[in-house]
Amino acid sequence: SEIFAQNVGAVGVGVDQELISSVPSSNPTFLARNFTESEIAYCRSQPSPESSFAARWVGKEAVFKSLGVTSKGAGAAMKDIEILSDKESGKPVVVLHGAAQEAAQSKGVKNVLISLSHSETVAIAFAQAL
Amino acid sequence: SEIFAQNVGAVGVGVDQELISSVPSSNPTFLARNFTESEIAYCRSQPSPESSFAARWVGKEAVFKSLGVTSKGAGAAMKDIEILSDKESGKPVVVLHGAAQEAAQSKGVKNVLISLSHSETVAIAFAQAL
Amino acid sequence: SEIFAQNVGAVGVGVDQELISSVPSSNPTFLARNFTESEIAYCRSQPSPESSFAARWVGKEAVFKSLGVTSKGAGAAMKDIEILSDKESGKPVVVLHGAAQEAAQSKGVKNVLISLSHSETVAIAFAQAL
């Protein structure tokens, strides 16, 4: 029952924001390093690709914060935090790979919920690790 | 115990933001279509009605996102997501009606927590479906 | 099992935002009234102290909202809501004192999760009382 109590409820939360114009979404090297092919295809299919890239970028950062992991320097592979779009509902879904997945497992995180929002100028994301 | 585990903890989260000036809160048709009488009375009693309308507007959108429902086109009755103010604490409380209530029930959502914030120019809301 | 159900899952959420320039972080009286010595030392050690003070300021407000307490007038001792930085992970950690701690206990709150973010101009915080 103690173990159960540790596994339900939130483990961590993360919020992040960024000016859409400050995310270098027209830089192919930046995109290739930080986004998966599925993410790039999805963002490019959207009405405003640069808004979608920015929203996913802050989303990755928010997920990162929600996991409470130590360093986010050179080692932080943002590509390991993939944000896909649920085909039925359209809502964003987090899929973890590599080091991000290992960090989540080591903290008992089973799932990360995410929500994204962008205005004309600002992208905001909120993540919750459960 | 598995059923129990599904019923506690978060089901979905939602974040939304909007420039206060972009919410047409002086348009009576917009208000009548999207806000309940209680919401309109409350917002009009506040120091800055347009800020309060904008905060509730992004609040409704955040609740909508937290429910993870499919379409938000013509069918999305924002009036079905009512955000009242708790008389004792003043904190915002979500009451669902109609299709929003049905969507929540079908997903096992028992309660939706919400928080609203507005600066001079921007309204932000966060919702969590439990 | 009902008591257990009340103790897991979220009790309340709180979001807050502020223009960094609107937080009087160069005013020593404001700082001494609202921040603990540890918070002041931490913020002063950061690359942009005024951003760090603003982030913690909105963080305190978000925690306050997540607790769902009644008044936030003169009685609200923001100093009772302390936001420290975990030495290992660097992530922000909430420590409650005095009236804030009593309010949390009376509502069955065991822990408050927090995340902070600041852009060039805006600080945003999200808190979740569990």
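Just so you know, these numbers come straight off a predicted model, no measurement behind them.

Student: Which residues make up the overall build of chain A, and what values go with them?
Tutor: Counting secondary structure elements, chain A contains five helices and five strands. Sequence-ordered secondary structure for chain A, helices as α and strands as β, is α-β-α-α-α-β-β-α-β-β. When each of the 130 residues of chain A is scored for burial, the buried share is 50%. A separation threshold of at least 6 residues defines the contact pool for chain A, and within that pool the share at least 24 residues apart is 58%. As presented, chain A carries roughly 6200 Å² of accessible surface, and 51% of it is formed by carbon and sulfur atoms.

Student: Quick one: what's the story with helix 3 (residues 37–44) of chain C, residue by residue and with numbers?
Tutor: All names here are of chain C. Burial in helix 3 covers these residues: Glu39, Ile40 and Cys43. For helix 3, the arc enclosing every buried residue in end-on projection is 100°, short of the 170-degree limit, so these residues lie on one face. In this fold, the buried residues of helix 3 make contact with helix 2 (28–34), helix 4 (49–67) and strand 2 (81–85).

Student: Which residues make up the interface of chain A and chain B, and what values go with them?
Tutor: Contacts between chain A and chain B engage 18 residues on the former and 19 residues on the latter. Buried surface at the junction of chain A and chain B, both sides included, amounts to about 1400 Å², of which 64% is carbon and sulfur. Where chain A packs against chain B, one counts zero salt bridges. Joining chain A to chain B, the criterion identifies five residue pairs in polar contact (both at pLDDT 80 or more). Elements supplying a minimum of two residues to the side of chain A that touches chain B: strand 4 (112–118) and strand 5 (122–129) of chain A. The element that contributes the greatest number of residues to the side of chain A that touches chain B is strand 4 of chain A, accounting for six residues. Here the side of chain A that touches chain B is built from residues that sort into ten nonpolar, six polar and two charged.

Student: How would you sum up the packing of helix 3 of chain C against helix 4 of chain C? Please name residues and give values.
Tutor: Residue and element names in this part refer to chain C. The interhelical angle for the contact between helix 3 and helix 4, taken along N-to-C directions, is 140°, at an axis separation of 8 Å. Put simply, helix 3 runs oblique to helix 4. Residues Glu39, Ile40, Tyr42, Cys43 and Arg44 of helix 3 lie in contact with helix 4, whose contacting residues are Pro49, Ser52, Phe53, Arg56 and Lys60. When its residues are assigned to classes, the contact of helix 3 with helix 4 shows five nonpolar, one polar and four charged.

Student: So what's going on with the pairing of strand 2 of chain C? Which residues, and what values?
Tutor: All names here are of chain C. One ladder, built from five bridges, connects strand 2 with strand 3 (residues 92–96); its direction is antiparallel. Each residue of the ladder has a partner; that of Leu84, found in strand 3, is Val93. Counting the residues between successive antiparallel strands, the hairpin from strand 2 to strand 3 contains six residues, one of them, Gly90, with a positive phi of roughly 80°.

Student: Explain the relation of the copies chain A and chain B residue by residue, including any values.
Tutor: Overlaying chain A on chain B yields an RMSD of 0.0 Å, the required transformation being a rotation through 120° with an accompanying axial translation of 0.0 Å. Expressed as an axis order, the relation between the two copies is that of a three-fold axis.

Student: Can you lay out the sheet that holds strand 5 of chain A for me, pointing to particular residues and giving the numbers?
Tutor: Residues and elements named next belong to chain A. The strand order across the open sheet formed by three strands is 1-5-4, and the pairing between neighbours is antiparallel. Of all strands in the sheet, those bounded by a partner on one side alone are strand 1 (12–19) and strand 4. The average undirected angle you get between the axes of adjacent strands in this sheet is 10°. Sheet analysis places strand 4 next to strand 5, joined by seven bridges and oriented antiparallel. Within strand 5, the position partnered with His118 by the bridge is Ala123.

Student: Which residues make up the pattern of salt bridges, and what values go with them?
Tutor: When the charged atoms of two side chains lie near each other, side chains of opposite charge can form a pair. For the structure on display, the rule yields six salt bridges over all chains. The salt bridge partner of Asp16 of chain B is Lys65 of chain B, with a shortest N-O separation of 3.5 Å. Here the residue Asp16 of chain B occupies a position in strand 1 (residues 12–19), and Lys65 of chain B occupies one in helix 4 (residues 49–67), the gap between them amounting to 49 residues. For Asp16 of chain B, a relative accessible area of 8% puts it in the buried group. The closest approach of N and O atoms between Lys60 of chain C and Glu39 of chain C, which form a salt bridge, is 2.8 Å. One end of the pair, Lys60 of chain C, is in helix 4; the other, Glu39 of chain C, is in helix 3, and 21 residues separate them in sequence. Look at Glu39 of chain C and you get buried, because its relative accessible area is 0%.

Student: How would you summarise the side chain of Gln17 of chain A if you had to cite specific residues and measurements?
Tutor: As for its position among the elements, Gln17 of chain A is in strand 1. Given a relative accessible area of 5%, Gln17 of chain A falls into the buried group. Here Ser117 of chain C takes part through its backbone oxygen, which lies 3.4 Å from a polar atom of the side chain of Gln17 of chain A. At 2.8 Å, the side chain of Gln17 of chain A and the backbone oxygen of Val122 of chain C are in polar contact. With residues near it in sequence (within four places) discarded, Gln17 of chain A still touches Val58, Ala123 and Ile124 of chain A together with Ser117, His118, Ser119, Val122, Ala123 and Ile124 of chain C.

Student: Go over the packing of aromatic side chains with me, naming the residues and quoting the values.
Tutor: In total, this model carries 15 aromatic pairs over all chains according to the counting rule given. A centroid spacing of 4.1 Å and a plane angle of 65° characterise the contact between Phe126 of chain A and Phe126 of chain C, whose relative ring orientation is edge-to-face. Of this pair, Phe126 of chain A sits in strand 5 while Phe126 of chain C sits in strand 5 (residues 122–129), on two different chains. For Phe126 of chain C, a relative accessible area of 1% puts it in the buried group. Through pairs of rings, three or more aromatic residues link up here, namely Phe30, Phe35, Phe53 and Trp57 of chain A. The ring centre of Phe35 of chain A lies 4.9 Å from the NZ or CZ of Lys60 of chain A, which sits over that ring.

The rules behind each value
Residues numbered from 1 in each chain as written. Chains lettered and ligands numbered in written order. Predicted model: local features only at pLDDT ≥ 70, side-chain atom pairs only at ≥ 80, totals over all residues. Heavy atoms only, no water. Helix = DSSP H or I, 4+ residues; strand = E, 2+ residues; numbered from the N terminus. Buried < 20%, exposed > 50% of the residue type's maximum accessible area, 1.4 Å probe, protein only. Contact = heavy atoms within 4.5 Å. Areas by Shrake-Rupley, 256 points an atom, 1.4 Å probe, with all protein chains shown as cover. Arc of directions from axis to C-beta. Buried area = accessible area lost by both parts, 1.4 Å probe. Salt bridge = Lys/Arg side-chain N within 4 Å of Asp/Glu carboxyl O. Polar contact = N/O pair within 3.5 Å; in protein donor to acceptor, adjacent residues only side chain to side chain. Nonpolar A, V, L, I, M, F, W, Y, C, P; charged D, E, K, R; others polar. Axes fitted to C-alpha atoms, helices over the stretch in contact; angles between N-to-C directions. Parallel < 35°, antiparallel > 145°, perpendicular 65-115°, else oblique. Pairing = 2+ DSSP bridges. Least-squares fit on C-alpha atoms with pLDDT ≥ 70 in both. Phe/Tyr/Trp six-rings, centres within 6.5 Å; stacked < 30°, edge-to-face > 60°. Lys NZ or Arg CZ within 6 Å of the ring centre and 35° of its normal.

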